[in-house]
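Given next are the chains, with one letter for each unit.
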Amino acid sequence: SSSSSSSSSSSSQPSSTMIVDLGGGRGSLALACRERFPRAALRVVDRGSQRFKFDRSLRRFDFERIRCDLRHLDLASVGDARQRVVGVAKHLCGAATDLALRALVRDPRTTDVAIATCCHHRCDWDLYVGRKSIGRRRKKRFDALATRSPWFSLPDTADDAQRKRLVGRRCKRLIDQGRVDFLNEHGFQASLVSYCDPTALSPEDVLILAHRSSTK
């Protein structure tokens, strides 16, 4: 079950939407969400206990910081039972994405997911949600994908850099596609989208985007 480390004031009438920033760290993504969706309730889930400067800006709203490892997160105990849940994350590292997806899928209130993935070399077969998509010799193939995924960031000076970067990108996409397939199996319409210019902003430019009708 989840445990809360800090909370803020909340309105007597709960918002119809709760945005959950998973692995939210400093809360910068939550703050951006508040600016875009000012009426939504906000929850930042992170295993760290520290509070950040963005919390001061968010405290005036329906906001709560929840101290919890994602593997133990029970979203059903967070917020109001009538709210729809939107799960977001920016560069959620390695297996943390899989833990977040499991938590979101378990909550029937979840209608939307937007997670930018990264650090695929830190994925864990035991936690990975997309096992069915890997095919034959699954763990061995998965480990090879994870091991080669950092090739995507090789500098131009590396041997055979262009080919290896392409291989690395394909490895990352295959891992993420398994996550998309997992969401689709659970009633979502999910896809991978590029959300920024990888050469100008971040090489980690892929977002898992998903929607389903509420099942609550």
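Coordinates for the structure precede this section.
Okay, so let's go over this structure. Keep in mind the model is a prediction, meaning the values are calculated, not measured.

So, how was this worked out
- Residues numbered from 1 in each chain as written.
- Predicted model: local features only at pLDDT ≥ 70, side-chain atom pairs only at ≥ 80, totals over all residues.
- Heavy atoms only, no water.
- Helix = DSSP H or I, 4+ residues; strand = E, 2+ residues; numbered from the N terminus.
- Buried < 20%, exposed > 50% of the residue type's maximum accessible area, 1.4 Å probe, protein only.
- Contact = heavy atoms within 4.5 Å.
- Areas by Shrake-Rupley, 256 points an atom, 1.4 Å probe, with all protein chains shown as cover.
- Axes fitted to C-alpha atoms, helices over the stretch in contact; angles between N-to-C directions.
- Parallel < 35°, antiparallel > 145°, perpendicular 65-115°, else oblique.
- Left-handed = near helix turned anticlockwise from the far one by under 90°.
- Nonpolar A, V, L, I, M, F, W, Y, C, P; charged D, E, K, R; others polar.
- Salt bridge = Lys/Arg side-chain N within 4 Å of Asp/Glu carboxyl O.
- Phe/Tyr/Trp six-rings, centres within 6.5 Å; stacked < 30°, edge-to-face > 60°.
- Lys NZ or Arg CZ within 6 Å of the ring centre and 35° of its normal.
- Core = buried A, V, L, I, M, F, W, Y, C linked by side-chain atoms within 4.5 Å.

**Things to note about the overall build of the chain**
Move 1: Secondary structure assignment for the chain yields five helices and eight strands.
Move 2: Going through the 216 residues of the chain one by one, you find that 47% of them count as buried.
Move 3: In the chain, the share of contacts with a sequence separation of at least 24, taken over all contacts with a separation of at least 6, comes to 66%.
Move 4: A total accessible area of about 11300 Å² is found for the chain, and carbon and sulfur atoms account for 48% of it.

**Side note on the packing of helix α4 (residues 138-148) against helix α5 (residues 161-185)**
Move 1: Packing of α4 against α5 leaves a shortest axis separation of 8 Å and a crossing angle of 130°. Relative to α5, the element α4 lies oblique. Every pair of crossing elements has a handedness; the one defined by α4 and α5 is left-handed. Touching R141, F142, L145, A146 and R148 of α4 are V167, G168, C171, L174 and I175, all from α5.
Move 2: Taken together, the residues of the contact of α4 with α5 break down into seven nonpolar, one polar and two charged.

**Some points on the pattern of salt bridges**
Move 1: Applying the stated criterion across every chain, the model contains 17 salt bridges.
Move 2: With a closest N to O distance of 3.8 Å, D69 and R47 form a salt bridge. Here R47 lies in the loop between β3 (41-46) and α2 (53-58) and D69 lies in the loop between β4 (63-67) and β5 (84-93), a separation of 22 residues in the sequence.
Move 3: Overall, D69 belongs to the partly exposed group, its relative accessible area being 22%.

**A few points about the packing of aromatic side chains**
Move 1: On inspection of all chains with the given rule, the structure shows three aromatic pairs.
Move 2: Between the aromatic rings of W125 and F142, the centroid separation amounts to 5.3 Å while the plane-to-plane angle is 50°, which identifies the pairing as tilted. Here the residue W125 occupies a position in the loop between β6 (110-118) and α4, and F142 occupies one in helix α4, the gap between them amounting to 17 residues.
Move 3: Taking the relative accessible area as the measure of exposure, W125 reaches 9% and is therefore buried.
Move 4: Of the residues examined, F142 reaches a relative accessible area of 0% and is grouped as buried.
Move 5: In this structure, K164 is placed above the aromatic ring of W151, and the distance from its NZ or CZ to the ring centre is 5.3 Å.

**What about the nonpolar core?**
Move 1: Among the nonpolar cores identified, the biggest contains 32 residues, and L70, L73, I115 and L183 are the most heavily contacted of them.
Move 2: Only β2 (17-22), β3, β5, α3 (96-106), β6, α5 and β8 (206-211) provide two or more residues apiece to this core.
Move 3: Residue contributions to this core peak at six residues, all from α3.
Move 4: If we ignore the near neighbours within four places in the chain, the residues touching L70 are L22, G23, V45, L92, A96, L99 and A100.
Move 5: With twelve residues, the next largest nonpolar core counts I19, A30, L42 and V88 among its residues.

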